[in-house]
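Each chain, written out:
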Amino acid sequence: MPFYGDPAQFKEAVLSVLAQDDPDWRLVVLDDCYPHWNPSSWLADLQEPRITYERNPENLGVSRSFDRCIDLARNDYLVIPGCDDRFLPEYISTVRALIARFDRPEYVQPRVEVIDDRGTHATPLADRVKALIQPRLSQDTVLSGDAVATTLMRGNWSYFPAICWRVDVLRTFHFSDEYEIVMDLALQLDILLDGGRFALSPTTAFQYRRHAASASSYTATDGTRFVEERDFYRAARSRLRVAGWRQASRAAGARITSRLNALYQVPSALLHGDRAAVSLLLRHVLTR
């Protein structure tokens with residue numbers, strides 16, 4: 001669990017791990033040199049031998065902290081939750097059942113509930129869109145190939161902090177330092193093109209906190225995230241075409257939810273008189 005943020009929400013995240021109905025876990029808190037509070041004393045007071053505290057030698061940022069998480073992993077599977085998210089008590093048991101049922105898939109995710117800054121259930125527009133485009137599940141399911149890649153290219157309906165990854169797969173592909181906003185989608189594409197499988201459960205077992213202070217929300221407002229998304233989808237379209245995944249390649253070329261998201265941001269940019277952002281957003285919507 002990389003830590004850099006609100007101490008109160010971080011404590012909720014840690015306590016949600018302690019509340020798991022399956023006791024077979026190990027938590028490493030990776031402090032990315034947060035300047036306003038050191039969590040080591042609070043963690044020590046918990047007197048929990050399954051919790052380890054590590055501090056980066058300097059502020060590494062998102063992707064480099066994720067890479068260090070992989071380096072610190074000792075078990076076969078790894079979760080990199082946000083320090084403001086919460087696990088529901090059945091998270092580990094749900095994930096463990098998926099791993100056993102589908103013979104060690106490359107990555108797995110239970111159903112996710114979205115919460116706001118206060119920790120109450122929320123349904124922001126982004127998550128309503130995710131709910132529309134994600135696969136409909138009535139039972140545990142494993143997905144792979146062109147079909148699942150097509151859905152992800154239409155829009156990334158997965159929730160990175162809720163995903164449990166096989167460690168040997170992460171050590172093969174790593175997180176790209178080329179991307180910040182879509183790095184998890186880029187990693188999924190690498191895994192799927194290599195024949196990987198994505199196992200899903202309809203059981204709600206994770207709470208993802210959505211708030212305006214997130215990197216993705218900020219860069220959507222000023223338009224810069226769409227430069228990254230455009231570059232990613234262009235590269236993905238070519239790779240998918242070469243792989244013979246025609247539906248996914250067309251979906252990457254259309255990047256429909258990315259375009260709609262940019263269009264949704266235009267009124268706000270106009271209201272703030274940000275002509276550069278308006279121009280960037282409209283180019284993203286209209287150009288092929």
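Scroll up to find the structure this text is about.
All of the points below concern the structure found in this document.

Cut-offs applied
- Position numbers for residues count from 1 along each chain, tracking the sequence in the order it is written.
- A pLDDT threshold of at least 70 governs which residues receive local features in this predicted model, and a stricter bar of 80 or more applies before side-chain atom pairs are shown or counted, although totals over entire chains, interfaces and linings include all residues.
- Hydrogen atoms and water are omitted, and side-chain values are computed over all heavy atoms in the structure.
- The numbering of helices and of strands both runs from the N terminus, where a helix is a DSSP run of H or I of at least 4 residues and a strand a run of E of at least 2.
- Relative accessibility under 20% of the residue-type maximum defines a buried residue, over 50% an exposed one, and the middle range a partly exposed one, all with a 1.4 Å probe and only protein chains included.
- By definition here, a salt bridge exists when the distance from a side-chain nitrogen of Lys or Arg to a carboxyl oxygen of Asp or Glu is within 4 Å.
- Patches here: salt-bridge-free residues with over 30% relative accessible area, like charges joined within 9 Å, nonpolar side chains (Val, Leu, Ile, Met, Phe, Trp, Tyr) joined within 5 Å.
- Here the Shrake-Rupley method, with its probe set to 1.4 Å, supplies the accessible areas, and only the displayed protein chains count as covering residues.
- Helices are assigned an expected span. That span is 1.5 Å times one less than the residue count.
- What the arc measures is the spread of directions leading from the helix axis to the C-beta atoms.
- A cavity here means a set of points on a 1 Å grid, drawn over the protein atoms and nothing else, where a 1.4 Å probe fits but cannot get out; a pocket is an open set with protein on both sides within 12 Å along at least five of seven lines, and a residue lines either one if it has an atom within 4 Å of a point.
- Grid points are joined across faces, edges and corners, and a volume is the space filled by probe spheres set on the points.
- Under this grouping Gly is polar, as are all residues other than the nonpolar Ala, Val, Leu, Ile, Met, Phe, Trp, Tyr, Cys and Pro and the charged Asp, Glu, Lys and Arg.
- As used here, the term nonpolar core means buried Ala, Val, Leu, Ile, Met, Phe, Trp, Tyr and Cys residues forming a set that is joined through side-chain atoms within 4.5 Å.
- Charge convention: Lys and Arg are scored as positive, Asp and Glu as negative, and His as well as the terminal groups of each chain are ignored.
- Polar contacts here mean pairs of N or O atoms no more than 3.5 Å apart (in protein, one a potential hydrogen donor and the other a potential acceptor; neighbouring residues in sequence count only if both atoms are side-chain atoms).
- Residue contacts follow a heavy-atom distance rule, with two residues in contact if any of their heavy atoms lie within 4.5 Å.

### A short note on the environment of Gly82
Argument step 1. Tracing the chain through its elements places Gly82 in the loop between strand S4 (77–79) and strand S5 (86–87).
Argument step 2. Among the residues examined, Gly82 registers a relative accessible area of 19% and is labelled buried.
Argument step 3. Through-space distance from the C-alpha of Gly82 to that of Pro161 is 5.8 Å; in sequence the pair is 79 residues apart.

### Here we look at the pattern of salt bridges
Argument step 1. In the structure shown here, the tally under the stated rule is 17 salt bridges.
Argument step 2. Residues Asp116 and Arg118 are paired through a salt bridge, measuring 3.4 Å at the closest nitrogen-oxygen approach.
Argument step 3. Between Asp127 and Arg210 there is a salt bridge, with the nearest N and O atoms lying 2.8 Å from each other. In this pair, Asp127 sits in helix H5 (residues 125–133) while Arg210 sits in the loop between strand S9 (197–209) and helix H9 (215–222), placing the two residues 83 residues apart along the sequence. For the pair shown, Asp127 and Arg210 are each scored as buried.
Argument step 4. Taken together, the salt bridges that share partners define one network made up of Glu106, Arg166, Asp168 and Arg197.

### Overview of a nonpolar patch on the surface
Argument step 1. Residues Ile256, Leu260, Leu263, Leu282 and Leu286 make up a contiguous nonpolar surface patch of about 470 Å² in total accessible area.
Argument step 2. For the nonpolar patch, the secondary structure elements donating two or more residues are helix H12 (256–271) and helix H13 (275–286).
Argument step 3. For the nonpolar patch, the leading source of residues is H12, giving three residues.
Argument step 4. Among the structural elements, Ile256 can be located in helix H12.

### Description of helix H10 (residues 224–243)
Argument step 1. The terminal C-alpha atoms of H10, which comprises 20 residues, lie 29 Å apart, in line with the 28 Å expected from a rise of 1.5 Å per residue.
Argument step 2. Looking only at H10, the buried set comprises Arg225, Phe226, Glu228, Glu229, Phe232, Tyr233, Ala236 and Leu240. One side of H10 holds all its buried residues, which, seen down the axis, span an arc of 140 degrees.
Argument step 3. Count one or two residues on from H10 and you reach Gly244, which has phi positive near 85 degrees.

### With respect to empty space enclosed by the protein
Argument step 1. Applying the stated criterion across every chain yields a total of one cavity of 30 Å³ or more.
Argument step 2. Reported here for the largest cavity is a volume of approximately 60 Å³.
Argument step 3. Residue lining of the largest cavity: Phe226, Val227, Arg230, Leu280, Arg283, His284 and Thr287, and that is the complete set.
Argument step 4. Those elements that provide at least two residues to the lining of the largest cavity are H10 and H13.
Argument step 5. Each residue belonging to the lining of the largest cavity can be placed in one class, and the counts come to three nonpolar, two polar and two charged.

### Comments concerning the nonpolar core
Argument step 1. By size, the foremost hydrophobic cluster in this structure holds 41 residues, and its most contacted members are Tyr107, Leu152, Met153, Trp165, Phe175, Phe232 and Leu240.
Argument step 2. Every element with two or more residues in this core is listed here: helix H3 (61–72), helix H6 (145–154), helix H7 (167–173), helix H8 (183–193), S9, H10 and helix H11 (246–254).
Argument step 3. If you tally residues by element for this core, the top one is H8, at seven residues.
Argument step 4. Counting 33 residues, the second-largest nonpolar core is a separate cluster that includes Leu43, Tyr77, Val112 and Tyr208.

### Here's the deal with the side chain of Glu228
Argument step 1. If you trace the backbone, Glu228 turns up in helix H10.
Argument step 2. This buried residue, Glu228, is left without a salt bridge; Arg225 holds the nearest opposite charge, at 7.1 Å.
Argument step 3. A polar contact of 3.0 Å, which involves the side chain of Glu228, links it to the backbone nitrogen of Glu180.
Argument step 4. In this structure, Glu228 is in contact with Tyr179, Glu180, Ile181 and Val182, ignoring residues within four places of it in sequence.

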